[in-house]
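Given next are the chains, with one letter for each unit.
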Amino acid sequence: MPVGDQAPAPRQRRDARRNRDLLVEAAHAVFGEQGLDAPLDVIARRAGVGNATLYRHFPTRAALVDAVFHDQLTDTMTAGERARSAPHAWTGLRDYLGAVFTTLAADRGTNDLMTTRLPDVEVLRSVHAHNRRTVELLLDRARAEGAVRADVTTEDLLFALAALGRAVPPLTAATTTDAWRRPLALFLDGLRAAAADPLPGTALTEPELDDVLAEMGPHRTRTAEDTRTREKP
């Protein structure tokens, strides 16, 4: 094999793996503290590596976010599968939203991911699609069971949950870690079939909901290419 084609030495491979692990660990901490708009050079410094090392492992912010939150996000899909198989739709919906909000309260980075839209994060697309389908299935079943008001749509529910979810970090910071349970319980009570007044106006469409969620995010003007261009050293 020509010298230029030789594989990296074992020491180099170990160092590369170690650097990647350090970056993921540092990113999880920084995103959790500051949200997904945290400067990438702060993450590199916390990991004890240079910006060039960060970009070798993660060319875009989206790639880093995917690595940091992959397992945490797939746990949400597991909770959705459990909810779908619940014997009563209302119980499944209540328990599923409780699991989702527990995740939202974990840190600011996870909250940003779950309540807004971030382009090019592969696992996030899957989680949002799975979440939407879970809510849709449970609402359909709950309406058929007479447990949920007939005029609420999937988009109504997803928008309200995103808006309430965005309030979780400041709420828990100012009070207690489970303070979100009270407003979520109040919201769920408004979904009951016995709710008094019909909803005014018209429900959001799915594209309109996507637009609203994109505008809610701290990264609303950021694209993957823009991130890479502006933040490279």
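Anything mentioned here points back to the structure above.
Thresholds, definitions, all that
Residues numbered from 1 in each chain as written. Predicted model: local features only at pLDDT ≥ 70, side-chain atom pairs only at ≥ 80, totals over all residues. Heavy atoms only, no water. Helix = DSSP H or I, 4+ residues; strand = E, 2+ residues; numbered from the N terminus. Buried < 20%, exposed > 50% of the residue type's maximum accessible area, 1.4 Å probe, protein only. Contact = heavy atoms within 4.5 Å. Salt bridge = Lys/Arg side-chain N within 4 Å of Asp/Glu carboxyl O. Expected span 1.5 Å × (residues − 1). Lys, Arg positive; Asp, Glu negative; His and termini not counted. Core = buried A, V, L, I, M, F, W, Y, C linked by side-chain atoms within 4.5 Å. Phe/Tyr/Trp six-rings, centres within 6.5 Å; stacked < 30°, edge-to-face > 60°.

Draft legend 1. View of the overall build of the protein. Secondary structure assignment for the protein yields 12 helices and zero strands. Taken from N to C terminus, the helices and strands of the protein fall in the order α-α-α-α-α-α-α-α-α-α-α-α. Scored against the burial criterion, the 233 residues of the protein give a buried share of 41%. The long-range fraction of contacts in the protein, counting pairs at least 24 apart against all pairs at least 6 apart in sequence, stands at 74%.

Draft legend 2. Structural view of the pattern of salt bridges. Taken as a whole, this structure holds 12 salt bridges when the rule is applied. A salt bridge links E33 to R46, with the shortest nitrogen-to-oxygen separation between them at 3.0 Å. Within this pair, whereas E33 is found in helix α1 (residues 10–34), its partner R46 is found in helix α2 (residues 40–47), the two being separated by 13 residues in sequence. Residue classification places R46 among the partly exposed positions, given a relative accessible area of 43%. Where E155 meets R132, a salt bridge forms, and the shortest distance between an N and an O atom there is 2.0 Å. Here E155 is found in helix α8 (residues 154–166), whereas its partner R132 is found in helix α7 (residues 122–144), with 23 residues between them in sequence. R132 matches E155 in its accessibility class, with the two residues each being buried. Overlapping salt bridges, with partners in common, bring together R132, R133, E136, E155 and E206 in one network.

Draft legend 3. α7, seen in detail. Here α7 is 23 residues long and its end C-alpha atoms lie 34 Å apart, about the 33 Å a rise of 1.5 Å per residue gives. Downstream of α7 by one or two residues, G146 has phi in the positive range, about 75°.

Draft legend 4. Structural context of the side chain of D66. Relative to the helices and strands, D66 resides in helix α4 (residues 61–84). For the buried residue D66, which engages in no salt bridge, the nearest side chain bearing the opposite charge is R20, 7.2 Å off.

Draft legend 5. Highlighting the nonpolar core. Grouped together as the largest cluster of nonpolar side chains are 59 residues, with contacts concentrated most on F31 and I43. Ranked by residues supplied to this core, first place goes to α4 with nine residues. Residues within four places of F31 in sequence aside, it is in contact with L36, A38, I43, R61, L64, V65, F69, R108 and G109.

Draft legend 6. Region of interest: the packing of aromatic side chains. Tallied over the entire structure, the rule returns two aromatic pairs. Summarising the aromatic geometry, the rings of F101 and W180 are spaced 6.0 Å apart at their centres and angled 35° between planes, so their arrangement reads as tilted. Taken together, the positions of F101 in helix α5 (residues 89–104) and W180 in the loop between α9 (168–174) and α10 (181–191) put the pair 79 residues apart, joining distant regions of the chain. Like W180, F101 is buried.

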